[in-house]
Amino acid sequence: MDNTQELTHISLCAGYGGIDLGLKRAIGDLRTIAFSEIETFVTTNLVAKMEAGIIEPAPIWSNLKTFPWEQFCGKVDILSGGFPCQPFSSAGRRAGDQDPRHLWPHIVRGIEICRPSILFFENVAGIIGAKLGQDWGADIKGTPVLLHILRELERRNYTPSWGVFSASEVGAPHQRKRVFIFAQADELKQDGIDYITELLERPKDYNGEFGSLPESWPAKRGENQYSWEPPRTVKNSKSKDGQEVGESTRESNVGATQHLEPEMGGSTDGIAYWMGVSELYESFTNRQDELRLLGNGVVPRTAERAFQALWKQVNK
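Residues numbered from 1 in each chain as written. Predicted model: local features only at pLDDT ≥ 70, side-chain atom pairs only at ≥ 80, totals over all residues. Heavy atoms only, no water.

Draft legend 1. Structural view of the overall build of the chain. Scanning the chain for helices and strands turns up seven helices and nine strands. Here the chain holds 316 residues, and the buried ones make up 51% of them. When contacts within the chain are restricted to residue pairs at least 6 apart in sequence, long-range pairs at least 24 apart make up 68% of them. Summed over all atoms, the accessible surface of the chain reaches about 14600 Å², with 48% contributed by carbon and sulfur. (Helix = DSSP H or I, 4+ residues; strand = E, 2+ residues; numbered from the N terminus. Buried < 20%, exposed > 50% of the residue type's maximum accessible area, 1.4 Å probe, protein only. Contact = heavy atoms within 4.5 Å. Areas by Shrake-Rupley, 256 points an atom, 1.4 Å probe, with all protein chains shown as cover.)

Written as structure tokens, this is what we have:
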């Protein structure tokens, strides 16, 4: 790790970049040099954010299984990813490693080739109870998937740690619990550890590019909306002068009694708050694509908190 330059980062299964933004908030000096994302509508979102100058321009590979790791050997400080949750999700078939979307072996290959100093992964809480459906490497059928992943990292000379973190613990009104896995290469020297610790402890200015996230965002029901927020839909309501209120009216009357829907849904355990912001997603014609993008996403401040906590746990 070269502590004279900004840290480099590869984002796997990038989504809208929630983990990336969380790392950016935590560390500050971080440049993403490559993405991997298979969904076309998600890739469209990433490109739109690059064109808008919100995220750094970088190549996007659609197939993680054929990602050219050799091109990035020795050039990656941090590797992150929200690898597919479907094989382990409690809401799905929980087919585990037998699911064709199981990408973990391909990520391991990248770790072996590139040897990033830091690994940071995210998955659903269902991974805790999931078990391998077959023998996999040195681990036998029935081994907890999370234990298998931690062992795989240890076998490759990384010191791992993990924890469950939720959006609610950073102030959001919904749970969105996620498992975060952190691992640090055993060869990371003390000056590199000191450098990242310094970056984590450095006062942050969240008014800069790619990090413009107020402490309370978006505005809650009954509060004035920020100018950059997507307008909320007002249903069957009239303005003070008796005129019908349009569908794209922005809420400006604190304490208003009319029912207001968040731009991206209304479930208190889902994606209503802190997700539907222009920094994270581009509006799609297909609302289902929007919901999938946000439904699979990570709240940036949750990722920030997870990285900080797990870093301290490994380097205490």
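Draft legend 2. Seen up close, helix 7 (residues 300-314). Between the first and last C-alpha of helix 7 there are 21 Å, a value that for 15 residues agrees with the 21 Å anticipated at 1.5 Å per step. Regarding helix 7, the residues found buried are Pro300, Arg301, Thr302, Ala303, Glu304, Ala306, Phe307, Leu310 and Trp311. Buried residues along helix 7 sit against helix 1 (18-27), strand 5 (118-124), strand 6 (158-165), strand 7 (178-185) and helix 5 (190-201). (Expected span 1.5 Å × (residues − 1).)

Draft legend 3. Structural context of the packing of helix 1 against helix 7. Contact pair helix 1 / helix 7: the axes reach a minimum separation of 7 Å and the direction vectors enclose 55 degrees. In terms of their interaxial angle, helix 1 and helix 7 are classed as oblique. The element helix 1 and its partner helix 7 pack so that their crossing is right-handed. Counting all contacts with helix 1, which are made through Gly18, Ile19, Leu21, Gly22, Leu23, Arg25, Ala26 and Ile27, the residues of helix 7 involved are Pro300, Arg301, Ala303, Glu304, Phe307 and Gln308. When grouped by side-chain class, the residues that make up the contact of helix 1 with helix 7 number eight nonpolar, three polar and three charged. (Axes fitted to C-alpha atoms, helices over the stretch in contact; angles between N-to-C directions. Parallel < 35°, antiparallel > 145°, perpendicular 65-115°, else oblique. Left-handed = near helix turned anticlockwise from the far one by under 90°. Nonpolar A, V, L, I, M, F, W, Y, C, P; charged D, E, K, R; others polar.)

Draft legend 4. Molecular detail of the environment of Ile10. Looking at the element boundaries, Ile10 is found in strand 1 (residues 7-12). The class of Ile10 is buried, set by a relative accessible area of 0%. Separated by 67 residues in the primary sequence, Ile10 and Asp77 place their C-alpha atoms 8.4 Å from one another. In contact with Ile10, other than residues within four places in its own chain, are Ile33, Ala34, Phe67, Trp69, Phe72, Val76, Ile78, Leu79 and Ser80.

Draft legend 5. Representation of a nonpolar patch on the surface. Judged by side-chain polarity, Ile128, Trp162 and Val164 come together as a nonpolar surface patch covering roughly 230 Å² of accessible area. With respect to the element layout, Val164 can be found in strand 6. (Patch = residues over 30% accessible without salt bridge, like charges linked within 9 Å, V, L, I, M, F, W, Y side chains within 5 Å. Salt bridge = Lys/Arg side-chain N within 4 Å of Asp/Glu carboxyl O.)

Draft legend 6. Inspection of the pairing of strand 2 (residues 30-36) at higher detail. Judged by how many residues are buried, strand 2 sits mostly within the fold: six of seven residues are covered. Bridge analysis of strand 1 against strand 2 gives six bridges, and the strand direction is parallel. By the bridge assignment for strand 2, Leu12 is matched with Ser36. Running through helix 1, the crossover from strand 1 to the neighbouring parallel element strand 2 is right-handed. (Pairing = 2+ DSSP bridges. Right-handed = clockwise from strand over helix to strand, strands pointing away.)

Draft legend 7. Here's a closer look at the side chain of Thr302. Along the polypeptide, Thr302 turns up in helix 7. When neighbours within four sequence positions are excluded, Thr302 is seen to be in contact with Phe165, Ser166, Ala167, Val170 and Phe180.

Draft legend 8. Highlighting the nonpolar core. Counting residues in hydrophobic clusters, the biggest one holds 32 residues, and the most contacted among them are Ile10, Leu79, Ile107, Phe121 and Leu153. One finds Phe182, Ala303, Ala306 and Trp311 within the second-largest nonpolar core, a separate group that totals 24 residues. (Core = buried A, V, L, I, M, F, W, Y, C linked by side-chain atoms within 4.5 Å.)

Draft legend 9. Region of the structure containing the sheet that holds strand 3 (residues 60-61). An order of 3-2-1-4-5-7-6 is seen for the seven strands of this open sheet, with the pairing classed as mixed. Of all strands in the sheet, those bounded by a partner on one side alone are strand 3 and strand 6. Taken together, the seven bridges between strand 5 and strand 7 define a ladder with antiparallel strand orientation. Paired with Phe121 across the two strands is Ile181, which belongs to strand 7.

Draft legend 10. Layout of the environment of Trp311. Position of Trp311 among the secondary structure elements: in helix 7. Note: C-alpha distance between Trp311 and Gln184 (127 residues apart in sequence) is 8.5 Å.

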